[in-house]
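Single-letter residue listing:
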Amino acid sequence: MCGIVGGVGKGNYHDFLLNGLSSLDYRGYDSAGVTIVNEGGIKTYKVVGTVEDLIKKAPEELNGFVGIGHTRWATHGTPTLNNAHPIVSMHKEFVIVHNGVIENFLSLRTKLLEEGYAFKGETDTEIIANYLEYSYHHSDGVLTAIKKLILRLRGSYALAIIHAKEPDKLYFAKKNSPLIIGEGQGMNYLASDAVPLLSYTDKFIDIDDLQYGFLTSSDIKIFYKNDEVPKHYITKNVELLKKELNGYESYMLKEIEETPAIISRLCTNYFDGTEFKFSKSLIRSLKSADTIIFLSCGTSYHASLEGVRYMRYLGKASEAYVASEWAYEPVIFGKKPLFILISQSGETADLIKCQKVINDYGFINISVTNTPGSSIDRESTHSLLLNAGLEVSVASTKAFSAQVALLAILVGAIENRFNVIDHLRTLVDALEKITAQKENIDLIAQKLLNYNLLFFIGRGNDLIAAKEACLKMKEITYIHSEAFPGGEMKHGPIALIDHKTALIAFNCESMTNAAIRNNAKEVETRKGSIFIVSSEAVYRGGDVFSLPYVKPYIKVIPAVYFSQYLAYFVAKHKGVNIDKPRNLAKSVTVE
Ligand code: M6R
C-alpha cells in the first residue's frame, strides 16, 4: 500500500518526484525516498518519516536522466532506512520502487540465498530487486528478465525499475496494483495514480495486469507476454483531481463541508429534470435480479448496510458482506444475484479479490466508486461514479454521504420516483444547518475528551450511523470506541461501563425512541455519561443535539455528517494529525 512515481528524460526531477510523492502520501507515510541517475551515478535519498521529511533532506536540484520515488506503508519489515524504497539490488544493477505485496517472497528468498544473494532489509521488494538481477544474469536483456520475474512473482506489484546501465530507460511491470503512464513532452512518466502527472501531461495510459515495458524520453513500449500492445490513451477530469486545501486547516474538514455540494451535483448528474440518467441496461439488470449482494470495506461497508435496506424495500433479498471475509468464503444466493461493489478509491485489494471471483463466475457487478479508471471501476459490468472530487483525508467523509445518496437516487430510478431528488435537496439544506451549528458539536467533542471508552448505539438506520460514527472516532482520535445495536448493550458490553465511559446514542427513529432512551438510562445508572443525538421528531430537553428533519430513508446521512464533525473536533483538541492518522493509509491496496 504505497505510492510510486517515476520519470525519464533529461531534467530537474525535484518538483516532479517530491510534489508527486506528496500527492500520493495518502497511500502511506511511514517512509519515503527518491533515486536519481545522472552523470555522477545513482543517488538515493531516503527518510523514515513522511514526504515532508524527505523534502527537507533532498537537495534543491535533482538533475538527471531518470528518477523514481516512493512513499511507503510498511507491510514486510518495519519502517527503517534499509526497508525504505527505492531499493537497490545486491550488485547495484537495479533500483526499484514497488507498491504491493509478494506472497511467495519466502521461497524466492530461499532460492536467492542459495544463489549467493544477501539481504540488507526485510522487505519483499528487496527480493524482487535481487530476483530481477539474478534473472537478468540468465537472460538476454532486461525485458526478458522482467518477463521471467512476472512468471515467478505471486501477489501484487506496480514496479518502476531503473537499470544502472540504461539511464535512458524506465522499466515497469504491473499486477493487482495500480499503475498509470503519462506521455509528456521530451519526458515520460508513471505513477500510482494520475494526480502527480497532471501538471505534466493530459495524455494517460492505464497499464493492465501482467503488462510490462519501458519508457524513454520519447517513446513508450508496453508488452503483454511476448507481444507489444497498442497504447490506449485516456484523459482525466483535472477539476475532480485537484488537491487543494482552499483555506481549510485540514482536508477532513474541507471534505466534510463539500458534502452538500456533492449531493446537489449527484442530483444533477443522475437526474436531468425529466428523467434519471442511468444506463437502461443497468436498470434492467437491477430490476431482473432477485438478490443484491453488497461487498465493501470500512466506511463503504457502512454505506452498503444502507444499500441493503434500500434493496429489501424494493422486495429483493439483500445482504452486505465485508469484502475481506467474502473473498475467502463467497456467499452467493438467489437465482439471479447481482453484486454492488462500493469503494471510494476503487483500489481496495480485498474488494478487487472479490471482483475477480464474481467476474470468474460471470455475474453482473455494479461498481460505485469515486475514482474513474480505478481497478474496480474498470472491471465492473456497470460503473457508477460519485464525482465527489479527490478525497485526501484518510478518514472517509464526503464519500460515505455520496455513496448513500447515489444509492437512494438509484432506487428512485428503479421505481421512477422523482421525489427522491426533492428529498435530497431537503437533505442538502439539513446538512447546511448542521454546519451552521458546528460550534455546538465542538462543545460536545470537548466533553468527550474526558472519557477513555466511547460506546455508540442505535437501532435500524441509527445503528448504521452509530457504526460509522464509531469508526470515525477510533480512526482519528485513538479513543477506544465500540458500536452496538442498542439492545445488545445489556447482553455483555454494559459490563465495561464506569465513570470513564461515555455513550453516544443515535436516536432519530420514533419507533425505537423509547427503547434507545431506556438503553441510555441503563448506562447512566452504572455511572456512564450519556450523549443523546436525536432528531426534531423525538427531541427532548437534555439531548445534546437535534438533527434537522429529512426523509427517514436518508437520515443516516445527517447523523453521520454530525459524527464526522464530532470526531474531527475531538481529534483537533487532542492535537493529533487529523488527515493522516497513525498506522493507516487512505487506500488499502494490500490484503
Ligand atoms: O476506498 P474504499 O472505500 O474501498 O476504502 C475502504 C476503507 O478502507 C475505508 O473506508 C476506511 O475504512 C476509511 N479509512 C474509513 O474512514
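Relevant structure appears above.
1. Here we look at the overall build of the protein chain
Here's step 1: Along the backbone of the protein chain there are 17 helices and 24 strands.
Here's step 2: Oriented by its inertia axes, the alpha-carbon framework of the protein chain measures out at about 75 × 50 × 45 Å.
Here's step 3: Looking at the 591 residues of the protein chain, the share that counts as buried comes to 60%.
Here's step 4: Put simply, 72% of the contacts in the protein chain that link residues at least 6 apart link residues at least 24 apart.
Here's step 5: In the protein chain, 64 positive and 66 negative side-chain charges are present, and the distance between their average locations comes to 3 Å.

2. A few points about the pattern of salt bridges
Here's step 1: Enumeration over the complete set of coordinates arrives at 24 salt bridges.
Here's step 2: Note that Asp-25 is salt-bridged to Lys-580, the shortest N-O span being 2.5 Å. In this pair, Asp-25 is assigned in the loop between helix H1 (14-24) and strand E2 (31-38) and Lys-580 in the segment after helix H17 (556-574), connecting sequence segments 555 residues apart.
Here's step 3: A residue is classified by how much of its surface remains accessible, and Asp-25, at 4% relative accessible area, is buried.

3. With respect to the layout of surface pockets
Space left empty within the atom packing is revealed by a probe, the size of a water molecule, rolled over the atoms.
Here's step 1: If you add up the space inside the largest pocket, you get close to 750 Å³.
Here's step 2: Looking at the largest pocket, it is lined by 45 residues, and the ones nearest its centre are Glu-347, Thr-371, Gly-373, Ser-374 and Ser-375.
Here's step 3: At the level of secondary structure, the elements contributing two or more residues to the lining of the largest pocket comprise helix H10 (349-361) and helix H11 (375-379).
Here's step 4: With five residues, H10 is the single largest residue contributor to the lining of the largest pocket.
Here's step 5: Of the residues belonging to the lining of the largest pocket, the class tally is 16 nonpolar, 15 polar and 14 charged.
Here's step 6: Taken together, 26 residues form the lining of the second largest pocket, with Cys-297, Gly-298, Thr-299, Lys-586 and Val-588 sitting closest to its centre.
Here's step 7: If you list the elements that add at least two residues to the lining of the second largest pocket, you get helix H8 (298-313), strand E17 (337-343), H10 and helix H15 (461-477).
Here's step 8: No other element matches the four residues that H8 contributes to the lining of the second largest pocket.

4. Concerning empty space enclosed by the protein
Here's step 1: Counting across every chain of the model gives one cavity of 30 Å³ or more.
Here's step 2: Here the largest cavity is characterised by a volume of approximately 60 Å³.
Here's step 3: Along its surface, the largest cavity is lined by Cys-2, Arg-72, Trp-73, Thr-75, His-76, His-85, His-98, Gly-100, Thr-123, Asp-124 and Thr-125.
Here's step 4: Of the residues contributing to the lining of the largest cavity, the split by class is two nonpolar, seven polar and two charged.

5. Thoughts on unusual backbone geometry
Here's step 1: Between His-85 and Pro-86 the backbone carries a cis peptide bond, its omega angle lying at 0 degrees.
Here's step 2: Relative to the helices and strands, Pro-86 resides in the loop between strand E4 (63-72) and strand E5 (87-88).
Here's step 3: Despite not being glycine, Lys-225 shows a phi value in the positive range, around 50 degrees.
Here's step 4: As for its placement among the helices and strands, Lys-225 is situated in the loop between strand E13 (220-224) and strand E14 (227-228).
Here's step 5: Looking at Lys-225, the relative accessible area reads 54%, which means it is exposed.
Here's step 6: Look at Asn-387: it is not a glycine, yet its phi comes out positive at around 50 degrees.
Here's step 7: Residue placement: Asn-387 occurs in the loop between strand E19 (382-385) and helix H12 (398-415).

6. Some points on the packing of aromatic side chains
Here's step 1: Under the criterion given, the structure shown has 23 aromatic pairs.
Here's step 2: When the ring of Phe-271 is compared with that of Phe-418, the centres are 5.2 Å apart and the planes differ by 45 degrees; the resulting orientation is tilted. One end of the pair, Phe-271, is in the loop between helix H6 (251-270) and helix H7 (280-288); the other, Phe-418, is in the loop between H12 and helix H13 (419-436), with 147 residues separating them in the sequence.
Here's step 3: Since its relative accessible area comes to 10%, Phe-271 is described here as buried.

7. Observations concerning the pairing of strand E18 (residues 365-369)
Here's step 1: For E18, the tally of buried residues reaches five of five residues, placing the bulk of the element in the interior.
Here's step 2: Residues Asn-365, Ser-367 and Thr-369 line one face of E18 and the alternating positions Ile-366 and Val-368 line the opposite face, and both faces are buried.
Here's step 3: Sheet topology note: the E17/E18 ladder contains five bridges and is parallel. Across the sheet, residue Ile-340 finds its bridge partner in E18, namely Ile-366.
Here's step 4: Assessed by its sense of winding, the connection that carries the chain from E17 through H10 to E18 is right-handed.

8. As for the nonpolar core
Here's step 1: Counting residues in hydrophobic clusters, the biggest one holds 94 residues, and the most contacted among them are Phe-278, Ile-340 and Phe-506.
Here's step 2: In contact with Ile-340, other than residues within four places in its own chain, are Leu-286, Ile-292, Ile-293, Phe-294, Leu-295, Met-311, Ile-366 and Val-368.
Here's step 3: Within the second largest apolar cluster, 30 residues are counted, among which are Ile-102, Ala-129, Leu-132 and Tyr-171.

9. Topic: the pairing of strand E21 (residues 480-485)
Here's step 1: Sheet topology places strand E20 (residues 453-458) next to E21; six bridges connect them, and they run parallel. Residue pairing for E21: Ile-457 is matched across the bridge by Phe-484.

10. A closer look at the sheet that holds strand E1 (residues 3-12)
Here's step 1: Within the open sheet, the seven strands sit side by side as E3-E2-E4-E1-E10-E9-E11. Their pairing is antiparallel. Each of the sheet's edge strands pairs with one partner strand only, and the pair in question is strand E3 (41-48) and strand E11 (204-206). Ignoring strand direction, the axes of neighbouring strands in this sheet form an average angle of 15 degrees.
Here's step 2: Examined bridge by bridge, strand E9 (residues 180-183) and strand E10 (residues 188-191) share four bridges and lie antiparallel to one another. The residue bridging Gly-182 from the neighbouring strand is Tyr-189, located in E10.
Here's step 3: Sitting on the sheet, H1 is in contact with E1, E2, E4 and E10, with an inclination near 165 degrees to E1.

11. Description of the sheet that holds strand E24 (residues 545-547)
Here's step 1: Pairing within the open sheet is parallel, and its five strands lie in the order E21-E20-E22-E23-E24. Of all the strands in the sheet, the pair left with one neighbour each is E21 and E24. On average, adjacent strands in this sheet sit at an angle of 20 degrees to one another, irrespective of strand direction.
Here's step 2: Sheet topology note: the strand E23 (residues 529-535)/E24 ladder contains three bridges and is parallel. When the bridges of E24 are listed, Ser-535 appears paired with Leu-547.
Here's step 3: Sitting on the sheet, helix H16 (residues 513-525) touches E20, strand E22 (501-507) and E23, and the angle it makes with E22 is about 175 degrees.

About the cut-offs
- Residues numbered from 1 in each chain as written.
- Predicted model: local features only at pLDDT ≥ 70, side-chain atom pairs only at ≥ 80, totals over all residues.
- Heavy atoms only, no water.
- Helix = DSSP H or I, 4+ residues; strand = E, 2+ residues; numbered from the N terminus.
- Buried < 20%, exposed > 50% of the residue type's maximum accessible area, 1.4 Å probe, protein only.
- Contact = heavy atoms within 4.5 Å.
- Lys, Arg positive; Asp, Glu negative; His and termini not counted.
- Charge placed at Lys NZ, Arg CZ, Asp CG, Glu CD.
- Salt bridge = Lys/Arg side-chain N within 4 Å of Asp/Glu carboxyl O.
- 1 Å grid on protein atoms, 1.4 Å probe; cavity = no way out; pocket = protein on both sides within 12 Å on 5 of 7 lines; lining within 4 Å.
- Points joined across faces, edges and corners; volume = space filled by probe spheres on them.
- Nonpolar A, V, L, I, M, F, W, Y, C, P; charged D, E, K, R; others polar.
- Phe/Tyr/Trp six-rings, centres within 6.5 Å; stacked < 30°, edge-to-face > 60°.
- Pairing = 2+ DSSP bridges.
- Right-handed = clockwise from strand over helix to strand, strands pointing away.
- Core = buried A, V, L, I, M, F, W, Y, C linked by side-chain atoms within 4.5 Å.
- Axes fitted to C-alpha atoms, helices over the stretch in contact; angles between N-to-C directions.

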